Structure formats: C-alpha cells, structure tokens
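# Structure assessment
Each chain is listed here by its residues.
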Amino acid sequence: MEESAAAERSNLAGVQHILLVLSGKGGVGKSTISTELALSLRHSGKKVGILDVDLCGPSIPRMFRVQDNDVHQCDSGWVPVFVDQDKSISLMSIGFLLEKPDDAVVWRGPKKNALIKQFVADVAWGDLDFLIVDTPPGTSDEHISTVEALRPYKPLGAILVTTPQAVSVGDVRRELTFCKKMGLRVLGIVENMSGFVCPHCSECTNIFSKGGGEELAKHAGVPFLGCVPLDPQLSQSLEEGRDFIQEFPKSSAFPALAHIAQQILDGMSQRSS
C-alpha cells in the first residue's frame, strides 16, 4: 500500500505507459528504435518522454539535435529537455549533465545505480502517454536498478532489439531470460538492420542474413514486431537530428517503424478495453 501511495505522488504519476528498450548486444540500434518509436507515437498524437539510462554512451540528445541544451531545476525536480515548442517529446539523459560532450563517465556500479534511481524519482515529466527507457547493452547492474526503480509504476514491458546475425540473436536470447527472471513482460522483438536498401534502385540486400529475430520470437513465444532495414535516409536523419517519420514517408524503413508503433498502440487499446 505504501509503495502504491508513493507511486501516486511521484513525478511518474502522470505517465500512462512505460516501455523499456533492451538488448543483450551493443550496437544493434536501441537508441535508433527508441527515437523513431517516439517520433512515430508523436505523429499519432501522443506525448512521449525518453529516459536515456545508457550512462556511458548517451546518444539520445544528439539524435534529437538538442545536445547543447541544459537541464534546469523546478520545485518537483529536474525539468526534462523538450524537443519542440509543443513539448510533445521530452528527454532526460546524462548527456545533458556532462561539462563537455567528450567527457567519459568513469563510474563504478553504485554511483551509476544512484543516478538511475534519481532519474526515475526526480525528473518532472508531467503528463505523458508513453515514457520510453533507452537502456545500455547487457543484463547488469544498470538494468536491475532500472527495472527495480520502475517496478512500483508497473512498466508495460520491454521491446527487445536484435540484428539478424546469430551472435546478436544469442545475446538477445539471454535478455529474454533476464526479462523472465525480473518479471518483465516482453512486448515483442524488433530485427534491426535487416537488409540494406539501395538508395538508387531500392533493392534490398541481406548483408547480415535475415530472419534471426523472427525465428527467436517464434521460439520464445513472444510477438515479432517487424524488420527495420538499413536505410541511408534513416542514418542521415539521426545524424542531423531530423524527424525521419515526417520527412521520409517514402523510405523503405518508414512502414516498418510505423507498423511497430501501431502494434504498441493496438496493444494499449486491447489492454484498456
């Protein structure tokens, strides 16, 4: 009862749904999926926050081109950085707290865990439809601290990101085990970098093989949310902090990303009905 009452009074009280983006492997595109999912949900009329708990590799500020912004204090805690004037996407990341963008975070576990708990407790998100939590690779201290800190707020579940290769799929299989041990529902698996789309002829070449993520989803009995191809336009938009969903609707990656977001929204509708 005390835990429930504390959750109602907290800075997360106005957040409807919390999603974690996980992978056992680094470099598979968790931040890319987090960013594009947030943009897709915004274009569906939702207010979205992203909490970047990748303390050693915070890339979310750069992907939204707000890396030079500062975090300010209010009576409720830290004010997140807003991406637009409508405040439809808000961000919190250690990237906003570093004196220099090239500063390394050389911390042991307890200090990292304390900051994650502070991020969960002290960011004044206000009213959000979705809070997306972008995590570092692995199944270590930061992940346990994040899940435990969010548990009173009943996170909706996790989206697992993999690339098609067997090595990546094997690491994500361990992430499935982590979710099971932590009692975290798996909303589905995304296979990122699934083929390269030629910018000239639009033919898709499976550079890293194909189908590993879908096969893993079938084997684990969890939903497969879709394949996102390698796309130069997607890479360009992330490098320049542009809205891929708005600017490149004819890109081959667009329908894949829109479909992933729609499945999340459909899942919400089914749960609320």
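This write-up is about the structure you can find in this document. (Residues numbered from 1 in each chain as written. Predicted model: local features only at pLDDT ≥ 70, side-chain atom pairs only at ≥ 80, totals over all residues. Heavy atoms only, no water.)

### Overview of the layout of surface pockets
The computed volume of the largest pocket comes to approximately 590 Å³. In terms of lining, the largest pocket is formed by 32 residues, of which the most central are Pro58, Ser59, Pro61, Arg62 and Met63. Secondary structure elements with two or more residues in the lining of the largest pocket: α3 (60–63), β9 (186–197), β11 (224–230) and α8 (232–240). (1 Å grid on protein atoms, 1.4 Å probe; cavity = no way out; pocket = protein on both sides within 12 Å on 5 of 7 lines; lining within 4 Å. Points joined across faces, edges and corners; volume = space filled by probe spheres on them. Helix = DSSP H or I, 4+ residues; strand = E, 2+ residues; numbered from the N terminus.)

### Side note on the pairing of strand β7 (residues 128–134)
Counted residue by residue, β7 has six buried out of seven residues, so it is predominantly covered. Sheet topology places strand β1 (residues 15–22) next to β7; six bridges connect them, and they run parallel. Bridge pairing in β7 places His17 opposite Phe130. Relative to β7, strand β2 (residues 48–52) runs parallel, the two sharing five bridges. Bridged to Asp52 within β7 is Asp134. (Buried < 20%, exposed > 50% of the residue type's maximum accessible area, 1.4 Å probe, protein only. Pairing = 2+ DSSP bridges.)

### Notes on helix α6 (residues 166–182)
Here α6 is 17 residues long and its end C-alpha atoms lie 25 Å apart, about the 24 Å a rise of 1.5 Å per residue gives. Considered for burial, the residues of α6 that qualify are Ser168, Val169, Gly170, Asp171, Val172, Glu175, Leu176, Phe178, Cys179 and Met182. The secondary structure elements touched by the buried residues of α6 are β1, α5 (141–150), β8 (157–162), β9 and α7 (212–220). Backbone geometry just after α6 places Gly183 at a positive phi near 70°. (Expected span 1.5 Å × (residues − 1). Contact = heavy atoms within 4.5 Å.)

### Here we look at the packing of helix α4 (residues 109–122) against α5
One can describe the packing of α4 onto α5 by two numbers: an axis separation of 9 Å at closest approach and a directional angle of 30°. Classified by the interaxial angle, the pair formed by α4 and α5 is roughly parallel. For the pair α4 and α5, the crossing hand works out as right-handed. In contact with Gly109, Lys112, Asn113, Ile116, Lys117 and Val120 of α4, α5 contributes Asp141, Glu142, Ser145, Thr146, Ala149 and Leu150. In the contact of α4 with α5, the residues fall into four nonpolar, four polar and four charged. (Axes fitted to C-alpha atoms, helices over the stretch in contact; angles between N-to-C directions. Parallel < 35°, antiparallel > 145°, perpendicular 65-115°, else oblique. Left-handed = near helix turned anticlockwise from the far one by under 90°. Nonpolar A, V, L, I, M, F, W, Y, C, P; charged D, E, K, R; others polar.)

### Here we look at the side chain of Ser23
Assignment of secondary structure puts Ser23 in the loop between β1 and α2 (30–43). Accessibility expressed as a relative area gives 0% for Ser23, which makes it buried. Setting aside residues up to four positions removed in sequence, Ser23 forms contacts with Val28, Lys30, Pro136, Pro137, Gly138, Val161, Val172 and Glu175.

### Examining the pairing of β2
Where burial is concerned, most of β2 is hidden: five out of the five residues are buried. Burial along β2 is two-sided: the residues Val48, Ile50 and Asp52 and Gly49 and Leu51 are all buried. Sheet analysis places β2 next to strand β6 (residues 89–93), joined by five bridges and oriented parallel. Pairing of Val48 across the sheet is with Ile89, part of β6.

### Comments concerning α4
The end-to-end C-alpha distance of α4 is 20 Å, a good match for the 20 Å that 14 residues give at a rise of 1.5 Å each. Taken together, the buried positions of α4 are occupied by Gly109, Lys112, Asn113, Leu115, Ile116, Phe119 and Val120. The arc that holds every buried residue of α4, seen down its axis, measures 160°, which confines them to one face. α4 presents Pro110 and Lys117 as exposed residues on the side facing more than 90 degrees away from its buried surface. Residues of α4 that are buried in the fold lie against β2, β4 (77–79), β6 and α5. (Arc of directions from axis to C-beta.)

### Some thoughts on the environment of Val133
By secondary structure assignment, the location of Val133 is in strand β7. Separated by 128 residues in the primary sequence, Val133 and Ala261 have C-alpha atoms spaced 15 Å apart. Contact partners of Val133, with chain neighbours within four places excluded, come to Ile18, Leu19, Leu20, Val21, Leu51, Val53, Thr146 and Leu150.

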